[in-house]
Amino acid sequence: MNFKGAWVTHVGMKKPKNEDSIFFGNRCLWGRSMDAPEAVAHDETACLIGVADGVGGHNAGETASRLCVEAVAGLKEISKSNVDSLLKNLNREIYEKSVDDSSLQGMGTTVAGLGLGDDCLFAFNVGDSRVYSFHAERGLERVTVDDSLRERGDLETRTPMPLASSNVITQALGGRKTFKEITPNHYDLDAGEDGLYLICSDGLNDMVEDDRIEEILGAPDAASELVKTAGSLLRAALDGGGRDNVSIVLASHSQMDSKVRSDAQGWLGRLLGRDRR
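Keep in mind it's a predicted model, so treat the numbers as computed, not measured.

Observations regarding the side chain of Thr110
Checked against the element boundaries, Thr110 lands in strand S6 (residues 108–117). Of the residues examined, Thr110 reaches a relative accessible area of 2% and is grouped as buried. A distance of 2.8 Å separates the side chain of Thr110 from the side chain of Ser129, its partner in a polar contact. If near-sequence neighbours (up to four positions away) are discounted, Thr110 is found in contact with Val51, Ala52, Asp53, Val126, Gly127, Asp128, Ser129 and Ile169.

Written out as structure tokens, the structure is:
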């Protein structure tokens, strides 16, 4: 099982620079604004894909999200426990760098993504970047829950907070004056199910309603034309105001694709004499 995908990260219409970063397998991008989405793929079985949304003054947000995606892209053994340990270590590393360098004071980043390991598929997040899934039968489903006051509620009373508090996140990697441990969120997914997955920074979902996201992902060619689909999502965010950086990673998986690939590899092996069946 593996993914084919498309990605784009854009500065948006209001911000002076792009503090988002994106990753897909062992590839990552930061510090740039793409004119259009690009196709991306990862040939190995295990990989992590997703986005990091940096916060902080000067170059701090960009630095924090870059540190995150570089570390995530370098993880070799993919499992929930390894991702959990990596994110906890990153939280401390980003905090310590912000203390050591006054120009990076307060830097932090959210992160959200998919993890594909041996016979397992899971989503994860810290902060308010999101993972969505789309299936033909069930439509759009949000996989992750934001680490925000609006969604998590007050940490003591567990009561919902007013909408005005929706942008106050309760967890991030770094981003604090004093160090605090984090608890990354993990969500099991069905590795045997066909699906289209969207990972995005809040620059998309703050500008585009879920109904519109579902409409775009539900187009007949959405899963087969991922670059086109990512472009439609980006345009919707920019047309909606583009108040923040916008980062989008799309990935699709089809069991039929995997079967065809497996059959082709078996046929090639027999042709080359590697399989004497």
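Some words on the packing of helix H1 (residues 60–73) against helix H2 (residues 80–100)
Contact geometry of H1 with H2 gives a least axis separation of 10 Å together with a crossing angle of 145 degrees. Judged by the sense of rotation from one axis to the other, the crossing of H1 with H2 is right-handed. From H1, Ala64, Leu67, Cys68, Ala71 and Val72 reach across to H2, where they touch Leu86, Leu90, Glu93, Ile94 and Lys97.

A look at the pattern of salt bridges
Evaluation of the coordinates by the stated rule reveals 15 salt bridges. The closest approach of N and O atoms between Arg32 and Glu38, which form a salt bridge, is 3.9 Å. Arg32 gets classed as partly exposed once you look at its relative accessible area, which sits at 36%. Overall, Glu38 belongs to the partly exposed group, its relative accessible area being 31%. The residue Asp221 makes a salt bridge to Lys228 at a minimum N-O spacing of 2.9 Å.

Regarding H1
The end-to-end C-alpha distance of H1 is 20 Å, a good match for the 20 Å that 14 residues give at a rise of 1.5 Å each. Burial of H1 is extensive: 10 of the 14 residues sit out of reach of the surface. Regarding H1, the residues found buried are Ala60, Gly61, Thr63, Ala64, Ser65, Leu67, Cys68, Val69, Val72 and Ala73. For H1, the secondary structure elements touched by its buried residues are strand S2 (20–24), strand S3 (27–30), strand S5 (47–55), H2, S6 and strand S10 (173–174).

Section: the sheet that holds strand S1 (residues 4–10)
By way of backbone hydrogen bonds, the strands of a sheet pair with one another, either parallel or antiparallel. Here six strands make up an open sheet; going across it, the order is S4-S1-S13-S12-S8-S9 and the pairing antiparallel. Each having just a single partner strand, strand S4 (38–41) and strand S9 (139–142) make up the two edges of the open sheet. Across the sheet, the mean angle from the axis of one strand to that of its neighbour is 25 degrees, orientation sign disregarded. The sheet contacts of helix H6 (residues 226–239) involve S1, S4, strand S12 (195–200) and strand S13 (246–253), and relative to S13 the element is tilted by about 150 degrees.

With respect to the nonpolar core
Ranked by internal contacts, the top residues of the largest apolar core, which has 48 residues, are Phe3, Leu198, Leu204 and Ile248. Per-element tally for this core: the top contributor is H6, with seven residues. Leave out the neighbours within four places in its chain, and Ile248 touches Ala6, Trp7, Val8, Leu198, Ile199, Leu204, Ala230, Leu233 and Leu234. One finds Leu48, Ala64, Ile78 and Leu87 within the second-largest nonpolar core, a separate group that totals 23 residues.

A short note on the environment of Asp119
Along the chain, the position of Asp119 falls in the loop between S6 and strand S7 (120–126). Taking the C-alpha atoms as reference points, Asp119 and Ala46, 73 residues apart in sequence, are found 9.3 Å from one another.

Some words on H2
Helix length check: H2 (21 residues) gives 30 Å between terminal C-alpha atoms against 30 Å at 1.5 Å per residue, within 8%. Every buried residue belonging to H2 is among Val83, Asp84, Leu86, Leu87, Leu90, Asn91, Ile94, Tyr95 and Ser98, and all of these are buried. Seen end-on, H2 carries its buried residues on one side only, within an arc spanning 165 degrees. For H2, the exposed residues set more than 90 degrees away from the buried face come down to Asn89, Val99 and Asp100.

Criteria and thresholds
Residues numbered from 1 in each chain as written. Predicted model: local features only at pLDDT ≥ 70, side-chain atom pairs only at ≥ 80, totals over all residues. Heavy atoms only, no water. Helix = DSSP H or I, 4+ residues; strand = E, 2+ residues; numbered from the N terminus. Buried < 20%, exposed > 50% of the residue type's maximum accessible area, 1.4 Å probe, protein only. Polar contact = N/O pair within 3.5 Å; in protein donor to acceptor, adjacent residues only side chain to side chain. Contact = heavy atoms within 4.5 Å. Axes fitted to C-alpha atoms, helices over the stretch in contact; angles between N-to-C directions. Left-handed = near helix turned anticlockwise from the far one by under 90°. Salt bridge = Lys/Arg side-chain N within 4 Å of Asp/Glu carboxyl O. Expected span 1.5 Å × (residues − 1). Pairing = 2+ DSSP bridges. Core = buried A, V, L, I, M, F, W, Y, C linked by side-chain atoms within 4.5 Å. Arc of directions from axis to C-beta.

Everything listed is a geometric property; what it means functionally is a separate question.
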